[in-house]
Structure formats: structure tokens, C-alpha cells
Amino acid sequence: MKTFSEDGILMADVDFSGVTKKVCLSFTPEVDIGTYVVVHVGFAISILDEQNAKETLNLFKEELL
Amino acid sequence: MKFVNEYRDPSLVRLLAEKIKKTAKKNWTIMEVCGGQTHSIVRSGLNKLLPDNIQLIHGPGCPVCVTPIDLIDMAIAIALTPNTILCSFGDMLRVPGSSFDLIKAKALGADVRIILSPIDAVHIAKKNPNKEVVLFAVGFETTAPTNGMTIKMANDLKVVNFSLLSSHVLVPPAIKYIMSDPESKVDGFLAAGHVCTVTGYKQYHELAKATDTPIIITGFEPVDIMQGISLCVDMLEKQETGVKNQYSRVVKESGNRQAQELISDVFTVVDRHWRGIGSIPSSGLDLSSKYKTFDATYRFTIKTDAPSLDSGCLSGMIMQGKCKPSDCPHFGKKCTPQTPLGAPMVSTEGACSAYYLYCDKGSS
């Protein structure tokens with residue numbers, strides 16, 4: 001995956017489980033390659049907090065199992 | 001897919017259903033605001049896993065559904081203007097206008113293009129400098145910055161043949177409106193996670209106080225929604241109001257600063273008419289005066305006839321949670337995805353579409 005500029009806008013090729021699409025990074029310019037993002041209509045609108053995602057799931061499992 | 005499949009784990013969903021059953025002592029009615037959540041709930045059968053004393057009702061968070069019919073009529077009229085290209089997300093094309101829809105306009109020869117990203121519309125405008133290119137910009141706060149970006153691009157790149165037909169709407173005024181109705185049955189809300197990704201949820205604290213409800217910022221996967229319901233029921237049983245963030249892996253309290261800055265640069269807050277519901281003060285976004293030349297209603301002098309509203313569609317009642325799609329006498333009979341009477345039957349976020357796709361007729 002890579003980032004590039006198109007029409008003065010920061011873009012990236014993003015891998016959606018095997019399908020690669022061009023996504024605009026204007027709202028998440030700080031993102032690094034290898035990071036998960038939430039994409040809405042061709043724009044990355046949020047960077048996924050992996051640590052938080054894992055902790056939430058572990059909390060469920062501890063509480064419920 | 002990583003960080004998606006884990007949140008679709010059926011065993012976790014069942015455990016959360018058990019927890020909700022144990023916690024819920026009284027009858028509670030919870031509204032999920034977003035149509036994406038409605039589809040997830042009905043598709044996964046989450047409503048059937050809940051105890052009888054927990055009712056889910058479906059909110060107004062379907063931008064396609066609430067777009068006023070006169071704007072659909074205007075989009076159709078613009079599309080039929082010679083030398084014009086109308087760009088839209090696919091689900092707007094089947095929404096009935098007063099006489100017909102955008103698909104019919106396309107069949108009549110209009111150049112209507114389905115886009116996957118608003119940026120595509122700017123590229124189409126650049127490639128067709130001799131045509132007027134109009135983006136039909138529909139959506140909530142999640143989509144506003146993406147449509148707003150096209151205006152910034154068109155302005156910076158001097159793409160003068162590009163304009164926007166804006167029907168943007170905002171979630172918090174709709175929540176307030178629903179709770180101002182004395183007949184409202186809603187005890188608590190699951191707020192739309194992706195809207196809050198952009199806006200954050202600072203303003204939701206005041207909203208929870210004003211409406212005296214718990215509001216849970218909730219994601220879209222089955223585990224997210226069941227946890228959102230569990231947190232909401234927990235607060236209702238303890239008679240608590242306030243805001244909790246179930247979707248913390250994606251939503252931060254302050255939201256996305258870059259997106260907020262773009263919205264406030266490009267748009268201004270206006271009163272907006274919601275199809276089937278009525279006018280809600282300060283509930284929409286129009287282009288700010290700085291970018292008025294990119295406003296399609298300013299660029300095209302189009303007069304449409306007074307809209308015809310008597311299709312028999314109950315969308316307003318459904319989107320305020322006053323009835324369910326299966327309560328409508330036309331559901332699945334006169335009104336189907338092929339012959340829709342209203343937008344909720346065709347939108348990918350419409351409650352009627354979710355019931356038609358995933359439920360037996362008559363079930364809730």
C-alpha cells in the first residue's frame with residue numbers, strides 16, 4: 001500500500017481484504033501504512049485504535065464467559 | 001476481515017442477549033438512530049434475541065429517506081437539462097419524486113452517473129469542461145465533509161462547471177425533535193457511531209440532559225449493537241441519563257478535527273425540511289456564502305411544480321418510531337423495492353428495505 005498526491009489531495013491505495021481502492025486521506029493525514037482505517041464513500045474518516053479494539057473484546061470475554 | 005469478524009461473533013451476541021435479559025426488569029423502548037444499525041439489527045435477527053420487554057424502534061437516520069421530495073424533483077429537473085451531468089450515490093436513483101425517479105430520467109436520456117465517492121464527481125467535471133456537472137449531496141455529518149471536500153477541490157482547481165445540490169441533515173436536532181413530541185415512546189438512544197466519528201460527542205452530553213435520556217454512541221456490527229443495548233438498559237434500570245461511548249475503538253470524544261474544520265468552512269447551518277417529518281430548526285447544512293457560486297440552486301433557475309405527497313407512504317411515522325414497516329398496509333403489497341411508494345423501501349439504510357429483505361411479512 002502507498003500514499004500519493006492527486007489534484008493536491010493526499011490519497012492512498014487501501015487494501016479492503018484483497019480489493020485495492022483509492023482513498024482520500026485529507027481527514028486522517030497522520031495515518032501510517034499498515035494502519036486500519038474506517039472508510040466512508042472513499043474517505044478515511046477515522047483511524048482504528050487497535051489496542052482499544054482488542055481490550056474491548058477481552059473485556060467482553062472476561063465479563064461474559 | 002480483521003476487527004470486523006470479531007464483532008460478528010454469534011457466541012458473544014448470545015451472551016450479551018442473556019445479560020440484557022437478566023438486567024432488564026421494566027419495559028424499555030430504545031431507538032437506534034442510524035439506518036445502517038437498523039439493517040444490521042434486522043439482518044442478524046438481533047431484535048428476536050431480545051426479551052419481550054425491550055423494544056427497538058427505528059430512527060430517522062436514513063439520509064435518502066428524509067431528503068425532501070421537492071429536492072428530488074429538482075435533481076430530476078437538473079438531470080433533464082441539456083448539457084448537464086447529474087452525479088449521485090446509487091440509492092437516490094430509485095427514490096420516487098412527484099412524477100418519477102432518477103432512473104426514469106436516465107431512461108429518458110438524462111446523463112445520470114452513479115458515483116462511489118464524491119471526488120469522482122469532480123473528476124467527471126474536469127473531464128467534461130463543456131457540461132455542467134452537479135453532485136446530488138445527500139447525507140448526515142459523516143458524509144458532509146466528503147461532499148464539502150469536492151467544493152474545496154473545485155474551488156482550488158478552478159473547476160467552474162461543478163456545483164452541489166445539498167440536502168445535508170444533522171442528527172442532534174432530529175433527536176431533540178423526536179423527544180419534543182409528547183407521544184414519543186423513546187426511553188433511550190443508540191446514537192450513530194460514524195456520525196460521531198466526525199462530530200465527536202461533546203454536544204451529546206447536553207442533548208442527553210435536555211432529553212432526559214441515556215445516549216449510547218454505538219457501532220454497527222452485531223456485537224456493537226448488543227453491547228450498546230446492554231449499556232442503555234443498564235442506565236435505564238439505574239435511572240441514569242448521560243452519554244456512553246460503546247464504539248471507542250473508532251469514535252473519540254472530540255471527533256475528527258480536520259473534518260469539522262472543513263464542514264465549518266464550506267457549510268452553514270440552516271433549517272431543513274425532513275421528508276415525511278416536517279421542518280426541523282437548524283437541522284441542515286447548505287453551502288456557506290463564500291461558496292455560493294457552487295450551489296446548484298443558485299446556478300440553475302429551475303421551477304418545479306408543488307410536490308405531490310399523497311403516495312400513501314408512512315415513512316414519517318416509521319422514521320419517528322411511531323410505527324414499524326410491517327404496520328403499513330402497503331408494505332410488501334403495493335410497495336416493494338421494484339415499485340416503491342417511498343424512500344425507506346429503496347434506501348440501503350431504509351427500515352422498510354431492511355424488513356422486506358430480512359423479515360417475514362408481518363413479523364417485527
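The model shown is predicted, which means the values in this text are computed figures rather than measured ones.

Rules of the game
Residues numbered from 1 in each chain as written. Chains lettered and ligands numbered in written order. Predicted model: local features only at pLDDT ≥ 70, side-chain atom pairs only at ≥ 80, totals over all residues. Heavy atoms only, no water. Helix = DSSP H or I, 4+ residues; strand = E, 2+ residues; numbered from the N terminus. Rg over C-alpha atoms; globule rule 2.2 N^0.38 Å. Contact = heavy atoms within 4.5 Å. Expected span 1.5 Å × (residues − 1). Buried < 20%, exposed > 50% of the residue type's maximum accessible area, 1.4 Å probe, protein only. Arc of directions from axis to C-beta. Salt bridge = Lys/Arg side-chain N within 4 Å of Asp/Glu carboxyl O. Polar contact = N/O pair within 3.5 Å; in protein donor to acceptor, adjacent residues only side chain to side chain. Nonpolar A, V, L, I, M, F, W, Y, C, P; charged D, E, K, R; others polar. Pairing = 2+ DSSP bridges. pLDDT = per-residue confidence, 0-100. Core = buried A, V, L, I, M, F, W, Y, C linked by side-chain atoms within 4.5 Å. Axes fitted to C-alpha atoms, helices over the stretch in contact; angles between N-to-C directions. Parallel < 35°, antiparallel > 145°, perpendicular 65-115°, else oblique. Left-handed = near helix turned anticlockwise from the far one by under 90°. Phe/Tyr/Trp six-rings, centres within 6.5 Å; stacked < 30°, edge-to-face > 60°. Lys NZ or Arg CZ within 6 Å of the ring centre and 35° of its normal.

Visitor: Tell me about the overall build of chain B, and please be specific about residues and values.
Guide: Scanning chain B for helices and strands turns up 16 helices and 11 strands. Relative to the globule expectation of 21 Å for 364 residues, the C-alpha radius of gyration of chain B, 20 Å, shows essentially globular dimensions. If you line up chain B on its principal axes, its C-alpha atoms span 65 × 45 × 40 Å. In chain B, of all internal contacts separated by at least 6 residues, the share reaching a separation of at least 24 is 78%.

Visitor: Please set out helix α1 (residues 10-23) of chain B residue by residue, giving values where relevant.
Guide: Relative to the 20 Å expected for 14 residues at 1.5 Å per residue, α1(B) spans 20 Å between its end C-alpha atoms, a close match to the ideal helical length. Regarding α1(B), the residues found buried are L12(B), V13(B), L16(B), A17(B), I20(B) and T23(B). Along the axis of α1(B), the buried positions cluster into a sector of 140°, meaning they face one direction only. Exposed positions of α1(B) whose direction lies more than 90 degrees from the buried face are R14(B), K21(B) and K22(B). The elements touched by buried residues of α1(B) are α1 (50-64) of chain A together with α3 (46-49), β2 (54-61) and α12 (222-237) of chain B.

Visitor: Just give me the short version of the interface of chain B and chain A, but keep the residues and values in it.
Guide: Across the boundary between the two partners, chain B contributes 35 residues, which contact 34 residues of chain A. Taken together, the connections running from chain B to chain A amount to two salt bridges. A salt bridge links K252(B) to D49(A); its shortest N-O distance comes to 3.7 Å. At the boundary of chain B and chain A, one finds 11 residue pairs in polar contact (both at pLDDT 80 or more). Taken together, the elements giving at least two residues each to the side of chain B that touches chain A come down to α1, α7 (118-127), α8 (144-156), α10 (193-199), α12 and α13 (257-266) of chain B. Taken together, the residues of the side of chain B that touches chain A break down into 18 nonpolar, 11 polar and six charged.

Visitor: Report on the pairing of strand β4 (residues 37-40) of chain A, specifying residues and quantitative values.
Guide: Residue and element names in this part refer to chain A. Where β4 and strand β5 (residues 43-47) come together, four bridges link them in antiparallel fashion. Across the sheet, H40 pairs through a bridge with F43, a residue of β5. The antiparallel hairpin formed by β4 and β5 contains two residues in its connecting segment, where V41 sits at a positive phi of about 40°.

Visitor: Please give an account of the confidence of the model for chain A that cites residues and values.
Guide: Model confidence for chain A is summarised by a mean pLDDT of 92, while 100% of its residues fall at 70 or above. For chain A, the element scoring lowest by mean pLDDT is α1(A), at 86; β5(A) scores highest, at 97.

Visitor: A description of the nonpolar core should follow, citing residues and the corresponding values.
Guide: The biggest cluster of nonpolar side chains holds 140 residues, and the ones touching the most others in it are F162(B), Y204(B) and I229(B). Sequence-distant contacts of Y204(B), defined by excluding residues within four places in its chain, comprise V171(B), P172(B), I175(B), A191(B), V195(B), C196(B), T199(B), I215(B), I217(B) and V243(B). Listed in part, the six residues of the second largest apolar core include A12(A), L25(A), V31(A) and A44(A).

Visitor: Before we move on, could you go through the packing of α8(B) against α13(B) and cite the residues and values that matter?
Guide: Residue and element names in this part refer to chain B. In contact at an axis separation of 9 Å, α8 and α13 are set at 60° when each is read in the N-to-C sense. What the angle tells us is that α8 and α13 run oblique. Read as a crossing pair, α8 and α13 show a hand that is left-handed. Residue-level inspection shows A144, P145, G148, M149, I151 and K152 of α8 in contact with α13, the latter providing A259, L262, I263, D265 and V266. Within the contact of α8 with α13, the residues separate by chemical class into eight nonpolar, one polar and two charged.

Visitor: Give me the packing of aromatic side chains: which residues, what numbers.
Guide: The full count for this structure, using the stated rule, is five aromatic pairs over all chains. Relative to F43(A), the ring of F27(A) has its centre 5.6 Å away and its plane inclined at 25°; by these criteria the two rings are stacked. Of this pair, F27(A) sits in the loop between β3 (19-24) and β4 while F43(A) sits in strand β5, and the two are 16 residues apart along the sequence. F43(A) matches F27(A) in its accessibility class, with the two residues each being buried. Ring geometry for F220(B) against Y247(B): centres 6.2 Å apart, planes inclined by 70°, an arrangement best described as edge-to-face. In this pair, F220(B) is assigned in the loop between β8 (214-218) and α12 and Y247(B) in the loop between β9 (242-245) and α13, connecting sequence segments 27 residues apart. The two residues F220(B) and Y247(B) agree in class, both being buried. We note K104(B) situated over the ring of F100(B); from NZ or CZ to the ring centre the distance is 5.1 Å. It is R249(B) that lies over the ring of Y7(B); its NZ or CZ is 3.5 Å from the centre.

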